[in-house]
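Residue-level structural notes
The lines below spell out each chain.
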Amino acid sequence: MAKEVKLTPRDKDYSQLESMQEDLGELYNDVIKAFTDKNSRANDNRDYWDIYNCVMNENQYYNGTSQVYIPVAHDAIEARVMRFTNTLFPQNGRHVDAVVNGNTIPHGTISLLENYVRSAHLREITPALLRNGDVEGHYSVMLEWEETKRVITKRVKKNIEMMPGVELDDEYETVEDEVVYDRRPVVTVLSDSDITVAPATANSPEDAEIVAIAVRLSKAAIKKKIKDGEFDKKVGEALVENFSMSANTQQPDPAKEKADAAGVKLDGASKTALLYMVWTKRLKLGKHRGWSVSWFAGEDMCLSCRRNPNWCDRVPVLSAPLKRLAGSFWGQSPIATIAQTQYGANDALNMGLDSAQYALMPIIMTDPESNPRTGSMVLNMAAIWMTDPNKTKFAEFPPLWKEAFELVGALKSQVMQSLSVNPAMMPQGGGRKKPTQAETAQE
């Protein structure tokens, strides 16, 4: 029989208590150190996202006229995303199944989960999560419960009232406003550089001592949290008055970088403040020592510190590596193994394109003593060359671009093999207009 424990309310705020200031300051410093330890990983992830977005950077060795990026890694990742998304979300629309042993199948629970799959838009969110896993080597999502309010207008029928309390049989139509509440789970995909855990050797967020998430909020979002009582009013208003882009300039902003890749520039109208949402089980809140959540805007700016608001008392973060490495919470990106191959394919392609420019133009050899008017030898339609034809010859530049393109094809095959992508996963069956029966079955 479970033992009943009397604990402090989950909505009580401990952030402004004198006895908590030292512990909260140490917690903030540990969070910043955990993010700092990931700087090298964050820098590598920037290079990996450049590979996915086909952005030229300083990692290219060849510096010629052509600046073309062949999307080998991009196409392979998109093929993997399409394959796994279609596997998770089949065409029949059934995403949840249950296996029972001698008991009744829980149809009600299955129906509820199917409704959550659709209301949370998991079909649209999953591709972004899969791309993050393939590029960064780690999957991370945060789960929240959202409640929104809508005011709808509907038609209603009412009876005609001649006198108060007297109703007639005649009815008439009118319109009324009604408040409707929508409640659903919200799944947020977290970038690798926006989440950290301590210690880094933990197997899961539940096993970690600290789980910190970098959150960027606008002024309106901060004011709403103050109004809802989630943030301390005094500290929150001080943050709004001294609003800045970020409390930590070393913390990368993946959302801004991805918006830049999509052609969207975040100017001053989209300013946000960098906050840290920290889940930890080291703090003792009253008589309770368990998971708590704190919001930090700086070392001396703790906006909130409360017990875990979830009744299950678990961290609402799911995080797992694409390929687990022994003794490490973080996984290695598969792009790390093919990055140099992608750069080599770019260099080979650009060298081939530069060579093709010379191969497409003829080489004219002439004797300057026999043909003193070499200035008249201009390539043009119906041009007249005042030269001795016996002393003028045409030659061709060696077609080196063919060997370069063959090299590109070999490097492309290696990238596809390293990322476990076969021709059946590529659009149109790897270039054929109609895939073979074997390729269709494999896909």
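Please read these numbers as outputs of a predicted model, since none were measured by experiment.

**A few points about helix α10 (residues 400–418)**
Compared with an ideal rise of 1.5 Å per residue, which puts 19 residues at 27 Å, α10 spans 28 Å between its outermost C-alpha atoms and is within 8% of the ideal. Regarding α10, the residues found buried are Ala 404, Val 408, Val 415 and Met 416. Along the long axis of α10, the arc covered by the buried residues comes to 115 degrees, so they all point the same way. Turned more than 90 degrees off the buried face of α10, the exposed positions are Glu 406 and Gln 417. Where α10 is buried, its residues touch α3 (72–88) and α9 (335–359). Positive backbone phi, at 60 degrees, marks Ser 420, one or two positions downstream of α10.

**As for the sheet that holds strand β4 (residues 210–217)**
Here we have five strands laid out as an open sheet, ordered β3-β4-β5-β8-β9, and antiparallel in their pairing. Two strands in the sheet have a free side with no partner beyond their single neighbour: β3 (195–198) and β9 (301–307). Averaged over all pairs of adjacent strands, the angle between strand axes in this sheet comes to 20 degrees, irrespective of strand direction. Across six bridges, the pairing between strand β8 (residues 292–298) and β9 is antiparallel. Of the residues in β9, the one forming a bridge with Ser 294 is Cys 305.

**So, a nonpolar patch on the surface**
On the surface, a nonpolar cluster with roughly 290 Å² of combined accessible area is contributed by Val 151, Val 179 and Tyr 181. Looking at the secondary structure, you find Val 179 in strand β2 (residues 166–189).

**As for the side chain of Asn 346**
Tracing the backbone shows Asn 346 in helix α9. The class for Asn 346 is buried, based on a relative accessible area of 0%. Within the local environment of Asn 346, its side chain forms a polar contact with the side chain of Gln 60, the two groups lying 3.1 Å apart. With residues up to four places along the chain from it excluded, the contact list for Asn 346 reads Gln 60, Val 68, Tyr 69 and Ile 70.

Rules used in this analysis
- Residues numbered from 1 in each chain as written.
- Predicted model: local features only at pLDDT ≥ 70, side-chain atom pairs only at ≥ 80, totals over all residues.
- Heavy atoms only, no water.
- Helix = DSSP H or I, 4+ residues; strand = E, 2+ residues; numbered from the N terminus.
- Expected span 1.5 Å × (residues − 1).
- Buried < 20%, exposed > 50% of the residue type's maximum accessible area, 1.4 Å probe, protein only.
- Arc of directions from axis to C-beta.
- Contact = heavy atoms within 4.5 Å.
- Pairing = 2+ DSSP bridges.
- Axes fitted to C-alpha atoms, helices over the stretch in contact; angles between N-to-C directions.
- Patch = residues over 30% accessible without salt bridge, like charges linked within 9 Å, V, L, I, M, F, W, Y side chains within 5 Å.
- Areas by Shrake-Rupley, 256 points an atom, 1.4 Å probe, with all protein chains shown as cover.
- Salt bridge = Lys/Arg side-chain N within 4 Å of Asp/Glu carboxyl O.
- Polar contact = N/O pair within 3.5 Å; in protein donor to acceptor, adjacent residues only side chain to side chain.

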